[in-house]
Amino acid sequence: MKKIVAQHIAGLAAVGTVFFLLSLLLPDPRLHENALSMDALAAQTHASAPLGGMVFRFLFVYVAVMVLTYYGAQTLALFRFVRTKQMTTELPSPIAAAGTFVAWTILSFLLFAPGYVIVYSLKSVVDTSSIVLMIVLGVVSNGVLVNYAGKFYALLMNESRKGYVQTAAVKNVHSSYCWNTPDGIRMRRMFRLQKRFPGHVLDHILHNARYQYRSTLKEQASFVITGLVIIEMALNIQGHLCYELLQSILFKNYDSVLGIMFVIFCAVKITDLAVDLWIWRADRHYANLEPDEAISRQ
Amino acid sequence: MKRFPGSDILWTVIWISGLAAVMAWDSAYLNAPAFAQVQEAFLHSMIAGVVTVVLALCFGWIAGVALYFFEQRRSGWAGVLRFKLDLIRSMPQILGLLTGYVLLTFFLDRGIIATQTGQLLWTSFVISIFLFIEVADVIIERIHHYAASDFVPAMLGCGIGEGRIVNVEILWRNCRAHLLNKAVSVFGMAIFLQCSVDFVVSVGLSTDVNLTNVPVTLGSLLAKIDSKQDVLAMGIVFTDPSYLPNLFVRHLQGVSTAFVIIFTLLCIARISEGIAKRYRL
């Protein structure tokens, strides 16, 4: 564990040092011949006053989007997985299959739409400065949800092809994927935060797929934050952290630029550290290195 | 059940047909200068995407193979390279791209990059820096997968060089499907990032440099005021559904640009999914 923490701290220190050196090397905007005007400078100073609030708001949105995307990707993938399994036993009619294809394609248009397209199309209808809108856009736009649901679905499919699934079925573990039957899947369990299907093979498939998905969370963190930065910049509303970042770049306020970039980098790095520690803990659990904990879980 | 045996081919056909339909519609209803801009923007975006893929594959291949050999030889460079790769992985792509664009404005200001081709190449290079990690990951994973196979020690015993085994026998002969799949997903990611950054930096990244001389892409075309108004008009449909037909005639520049971006991203993702299904990746 110490090695994992040390690696991440070294990464943070390396980037922090680079940013610090850059802040020393880059010129002060007030000394630059094309420096921002006094009015703009005053506006910048005024805007940078509640920087802590902007950072807190951004991080809150980031954490909320990460949690919702994790939940949403699992739920969507699980639902698709169960539907796929159901269709292996009962073929849908061509009309139903075509209808599903068209409906899913139309929904995909919304899910793949970049955040800035949705933001601009909704700008005249809703309050774009709302924090709820930011969270919703962060989850549903830029293809975040649909991409990571796809990755989780692929893991579920790979797990379902493994030998232990067939062995479990032979040993009379429930393996029917029909909705709400005694040996099937209870639909409401699909939407719970803690998805458990006791006595069903899906419980094991899901558990193993979730274990493999954890490493994807690091990639997801980087992508989610990219999406949020794009949305905030596209919203173009004063008081958003990334709007200030863009303005600071424009007016060569490099200290502010480096500071904001470092905060965003730290958010991703801390997520990476948390994920690595989570994986490390799960690895120890699977390797039976924590017998007391393993027994207590059973 | 396999509903679409070759869904990658199906989606490629859908993508090309959809783009052809949009271009045909635009040629009929969009004014000539705007239509020329849409075509130019599409072409520039596609070229930048392809260049990004080529660069990302080259960088990823070099990084992956180098890391494998460093680890084999227990060289200290392995730790350094892995540390650098992890650092790039932790850096959100958008921050790297913004830095790249700030540098672009600096180069434009100094006249270091003067041509549009040079500007496109620079943006592709910057994007590829933040995407090659995915290619490197695939390459490392595949090499480790095949390195455990019997044919590797057998070939080594026959006196075939390790470099040839890794580069030709493992990566070229056995991993092309994985690399093709990764190349398609990198292409989609490149289009998304390029359009997004071009859109958000439309306000400018420097008070000294005017970004209007930078080659137009789908993102920068969407950021133009005409296109923004067209996209804003899409919101009117929520309150007045009868306005919908106007979108396809009066607001064509913005609507068709937004459609091309979303449709391309959707089709690329489906093509990648289809390739993964076809080769059971």
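About the criteria used
Residues numbered from 1 in each chain as written. Chains lettered and ligands numbered in written order. Predicted model: local features only at pLDDT ≥ 70, side-chain atom pairs only at ≥ 80, totals over all residues. Heavy atoms only, no water. Disulfide = S-S within 2.5 Å. Buried < 20%, exposed > 50% of the residue type's maximum accessible area, 1.4 Å probe, protein only. Helix = DSSP H or I, 4+ residues; strand = E, 2+ residues; numbered from the N terminus. Contact = heavy atoms within 4.5 Å. Buried area = accessible area lost by both parts, 1.4 Å probe. Salt bridge = Lys/Arg side-chain N within 4 Å of Asp/Glu carboxyl O. Polar contact = N/O pair within 3.5 Å; in protein donor to acceptor, adjacent residues only side chain to side chain. pLDDT = per-residue confidence, 0-100. Core = buried A, V, L, I, M, F, W, Y, C linked by side-chain atoms within 4.5 Å. Phe/Tyr/Trp six-rings, centres within 6.5 Å; stacked < 30°, edge-to-face > 60°. Lys NZ or Arg CZ within 6 Å of the ring centre and 35° of its normal.

### Focus: the state of the cysteines
Residue and element names in this part refer to chain B. Under the defined criterion, the tally for this structure stands at zero disulfides over all chains. No disulfide involves C195; its nearest neighbouring cysteine sulfur is the one of C267, lying 14 Å away. Residue classification places C195 among the buried positions, given a relative accessible area of 0%.

### With respect to the environment of A169 of chain A
Residues and elements named next belong to chain A. Relative to the elements of secondary structure, A169 occurs in helix α8 (residues 163–170). A relative accessible area of 32% places A169 in the partly exposed class. Each C-alpha atom, one on A169 and one on A149, is 26 Å from the other, the two residues being 20 residues apart in sequence.

### Some remarks on the interface of chain A and chain B
With 53 residues of chain A in contact, the opposing surface of chain B contributes 50 residues. Carbon and sulfur atoms supply 75% of the area buried between chain A and chain B, which totals about 4,500 Å² over both sides. At the boundary of chain A with chain B, the tally comes to one salt bridge. Of the charged contacts in the structure, one is a salt bridge between R80 of chain A and E273 of chain B, with a shortest N-O distance of 3.3 Å. Taken together, chain A and chain B are joined by six residue pairs in polar contact (both at pLDDT 80 or more). Listed by contribution, the elements that provide at least two residues to the side of chain A that touches chain B are α1 (2–25), α3 (51–89), α4 (94–112), α5 (115–122), α11 (216–235), α12 (241–250) and α13 (254–286) of chain A. Of the residues forming the side of chain A that touches chain B, the biggest block, eight residues, is contributed by α11 of chain A.

### Things to note about the confidence of the model for chain A
Residues and elements named next belong to chain A. Looking at chain A as a whole, the pLDDT averages 82, with 88% of positions reaching at least 70. Here helix α14 (residues 291–297) stands out as the element of chain A with the lowest mean pLDDT, 47, in contrast to helix α10 (residues 201–213), whose mean of 90 is the highest. A low-confidence stretch, residues 294–298 stays under pLDDT 50, and its non-local contacts, those more than four residues away or across chains, total three contacts.

### Remarks on the side chain of H251 of chain B
With respect to the helices and strands, H251 of chain B occurs in the loop between α11 (244–247) and α12 (252–278). Not counting residues up to four positions away in its chain, the partners in contact with H251 of chain B are D230, A233, Y243 and N246 of chain B.

### Some thoughts on the nonpolar core
Counting residues in each nonpolar core, the largest one holds 166 residues, and the members touching the most others are F81, Y116, L156 and L245 of chain A together with W15 of chain B. Those residues in contact with L245 of chain A that sit more than four places away from it in its chain are M233, V257, I260 and M261 of chain A together with L95 and L98 of chain B. Grouped together as the second largest cluster of nonpolar side chains are five residues, A233, Y243, L247 and V255 of chain B included.

### Points about the packing of aromatic side chains
Counted according to the given criterion, the structure contains 21 aromatic pairs over all chains. Summarising the aromatic geometry, the rings of W25 of chain B and Y29 of chain B are spaced 4.6 Å apart at their centres and angled 35° between planes, so their arrangement reads as tilted. On the criterion of helical spacing, the pair formed by W25 of chain B and Y29 of chain B is a turn pair, its members being four residues apart in helix α1 (residues 7–29). We classify W25 of chain B as partly exposed; its relative accessible area is 39%. Using a relative accessible area of 45% as the deciding quantity, one classes Y29 of chain B as partly exposed. Residues F107 of chain B and W122 of chain B carry aromatic rings whose centres are separated by 5.1 Å and whose planes lie at 85° to one another, so their mutual orientation is edge-to-face. You can see F107 of chain B sitting in helix α4 (residues 93–110) and its partner W122 of chain B sitting in helix α5 (residues 116–147), a full 15 residues away along the chain. W122 of chain B shares its class with F107 of chain B; the two are buried. One aromatic cluster in this structure is built from F59, F106, F107, W122, F125 and F132 of chain B. For R80 of chain A, the ring lying beneath its charged end belongs to Y153 of chain A, and the centroid distance is 4.0 Å.

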